[in-house]
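# Observations on chain architecture
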Amino acid sequence: MRFVVTGGAGFIGSHIVDSLAGLGNDVIIFDNFISGRKENIAHLKENKKIKVIHGSITDLAILRAACESADGIFHEAAIASVQQSLQNPLRTHETNATGTLNVLLAARDAGVKKIVSASSAAVYGDNPILPKHEEMIPEPLSPYAVSKITGEYYCSVFSRLYGLKTVSLRYFNVYGPRQDPRSEYSGVISKFIMQAILGKPITIYGDGEQTRDFIFIDDVVTANIHAMERDVQGIFNIASGRETSLNKLEELVTSVSGTKVPVIYEPPRSGDIRKSLADISRARKRLGFEPEYTITKGLEHTISALR
Ligand code: UD2
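Residues numbered from 1 in each chain as written. Predicted model: local features only at pLDDT ≥ 70, side-chain atom pairs only at ≥ 80, totals over all residues. Heavy atoms only, no water.

## Comments concerning the nonpolar core
Core analysis: the largest hydrophobic core is formed by 63 residues, its most contacted members being Phe74, Leu169, Ile238, Leu249, Leu287 and Leu299. Ranked by residue count, the leading element in this core is helix H7 (residues 217–229), at 7 residues. Not counting residues up to four positions away in its chain, the partners in contact with Leu249 are Val188, Ile189, Phe192, Phe214, Thr244, Ile295 and Leu299. If you look at the next biggest cluster of nonpolar residues, it comprises 21 residues, including Ile73, Val112, Ile115 and Phe158. (Core = buried A, V, L, I, M, F, W, Y, C linked by side-chain atoms within 4.5 Å. Buried < 20%, exposed > 50% of the residue type's maximum accessible area, 1.4 Å probe, protein only. Helix = DSSP H or I, 4+ residues; strand = E, 2+ residues; numbered from the N terminus. Contact = heavy atoms within 4.5 Å.)

Structure follows, in structure tokens:
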């Protein structure tokens, strides 16, 4: 089959491309290479079934050309940062909300059968009720969260109005190889690992008792493939269903990497969510999703890749 992966050179997108390529599919990697990186897809250079289109999802004409004769689209392209959305809400809206609308329009007009689109746990906001389940009323607290819930609404409307099948996956805290640790807002696991490997102090914002539901990249890829293959539509939490505190995470990173580095506690980040845990029963039941990686196993893979 033929698939388009928007954001196909990014952290999550490039792993989806690997999986699709491994199954013998034709794949179009669609990426503007702002956060996507050539290194993430360099190993696919010789694969004749993979094509790279350098373009932005804000450009409907290039998207249309990319989506011609595609069977399905994995839509991962986004500005995936809450903090950047606070600084430039319009840019986040253009890429994440209008960009998703463009992908849906291109898909509809090209007769694409299905879109699996990346959403985020950010749509739940700081509602203290745990675990978060898909029926809860969204409480977006940032332009990023608004842009993601808007993308979800467009998906469901396109499914109702035009018969385009859509799935939105609400990712919780995804981690794994190729997650870039170098930006100020990189995922905490990639940062902790980098600091541990370099022998630098690990920084914890707040008291470290905040929790996250961390999910390893390979489990996220499996969820995407199931969402495309199965006759399902709608919204699904993609997470491990387990809560890990930042203090526990620091212990795990140092013990798995066999390093000993000082821990520095700094004031909490403004807007930081205190607790995060997903109810994954809907994904289990309807996607056949079962996370395979414990946090320890996922950390082992991520540490050896980053080394
Ligand atoms: C995650 C997503 C984000 C958005 C958001 C929705 C990632 C990387 N980001 O943000 O895109 O969907 O959820 O709520 O998955 N921390 C430290 N030290 C560090 C870095 C972080 O203590 O050096 C803390 C941080 O204050 C937070 C936790 O670690 O309490 C997780 O931070 P993060 O940036 O990895 O992800 P999060 O949950 O803010």
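Back to the text.
## What about the environment of Phe216?
Following the sequence through the fold, Phe216 ends up in strand E10 (residues 214–216). In this structure the C-alpha to C-alpha distance between Phe216 and Tyr293, which are 77 residues apart in sequence, comes to 6.4 Å. Once residues lying within four places of it in the same chain are set aside, the contact partners of Phe216 are Tyr175, Gly176, Pro177, Tyr293, Gly298, His301 and Thr302.

## So, H7
With 13 residues, H7 ought to run about 18 Å at 1.5 Å a step, and its terminal C-alpha atoms sit 19 Å apart, in line with that. For H7, the set of buried residues is Ile217, Asp219, Val220, Val221, Ala223, Asn224, Ile225, Ala227 and Met228. (Expected span 1.5 Å × (residues − 1).)

## Some thoughts on the site of the ligand
Close to the ligand lie 20 residues, the nearest being Ser120, Val188, Thr203, Arg212 and Asp272. At 2.6 Å, a side-chain N or O of Arg212 approaches an oxygen atom of the ligand. Here an oxygen atom of the ligand and a side-chain polar atom of Asp272 are 2.6 Å apart. The fraction of the free accessible surface of the ligand (740 Å²) that becomes covered by protein chains is 88%. Residue classes in the shell around the ligand are distributed as 10 nonpolar, 6 polar and 4 charged. (Near = heavy atom within 4 Å. Polar contact = N/O pair within 3.5 Å; in protein donor to acceptor, adjacent residues only side chain to side chain. Areas by Shrake-Rupley, 256 points an atom, 1.4 Å probe, with all protein chains shown as cover. Nonpolar A, V, L, I, M, F, W, Y, C, P; charged D, E, K, R; others polar.)

## Thoughts on the packing of helix H6 (residues 188–198) against helix H10 (residues 295–306)
Interhelical geometry of H6 versus H10 gives an angle of 55 degrees and a closest axis separation of 10 Å. Comparing their axes, H10 and H6 come out oblique. Our pair here, H6 against H10, has a crossing hand that is right-handed. Between H6, through Ile189, Ser190, Ile193 and Ile197, and H10, the contact on the second element is made entirely by Ile295, Leu299, Thr302, Ile303 and Leu306. (Axes fitted to C-alpha atoms, helices over the stretch in contact; angles between N-to-C directions. Parallel < 35°, antiparallel > 145°, perpendicular 65-115°, else oblique. Left-handed = near helix turned anticlockwise from the far one by under 90°.)

## Considering a nonpolar patch on the surface
Among the surface-exposed residues, Val157, Leu161 and Tyr162 lie close enough to one another that they form a single nonpolar patch of about 290 Å² accessible area. Its relative accessible area of 58% is what places Leu161 among the exposed residues. (Patch = residues over 30% accessible without salt bridge, like charges linked within 9 Å, V, L, I, M, F, W, Y side chains within 5 Å. Salt bridge = Lys/Arg side-chain N within 4 Å of Asp/Glu carboxyl O.)

## Describing the environment of Thr95
Position of Thr95 relative to the elements: it lies in helix H4 (residues 89–110). Each C-alpha atom of the pair Thr95 and Ser56 lies 8.4 Å from the other, and the pair is 39 residues apart in sequence.

## Focus on the pattern of salt bridges
Under the defined criterion, the tally for this structure stands at 14 salt bridges. Between Asp71 and Lys113 there is a salt bridge, and its shortest N-O distance comes to 2.9 Å. Of this pair, Asp71 sits in the loop between helix H2 (60–67) and strand E4 (72–75) while Lys113 sits in the loop between H4 and strand E5 (114–120), placing them 42 residues apart in sequence. A salt bridge links Lys248 to Glu251; the shortest N-O distance between them is 3.9 Å.

## Thoughts on the environment of Leu306
Locating Leu306 in the fold gives a position in helix H10. Considering only alpha carbons, one finds Leu306 and Pro181, 125 residues apart in sequence, at a separation of 9.3 Å. Not counting residues within four places of it along the chain, the set of residues in contact with Leu306 comprises Pro181, Ser190, Ile193 and Ile197.

## Concerning the sheet that holds E5
Adjacent strands of a sheet pair through backbone hydrogen bonds, lying either parallel or antiparallel. With respect to topology, 7 strands assemble into an open sheet ordered E3-E2-E1-E4-E5-E6-E11, the strand pairing being parallel. The open sheet terminates on both sides in strands that have one partner only, identified here as strand E3 (50–54) and strand E11 (234–238). The average undirected angle you get between the axes of adjacent strands in this sheet is 20 degrees. Contacts between helix H1 (residues 11–22) and the sheet are confined to strand E1 (2–6), strand E2 (26–31), E3, E4 and strand E6 (165–171), with E1 contributing the most and set at about 165 degrees to the helix. (Pairing = 2+ DSSP bridges.)

Distances and angles like these do not, on their own, reveal function.
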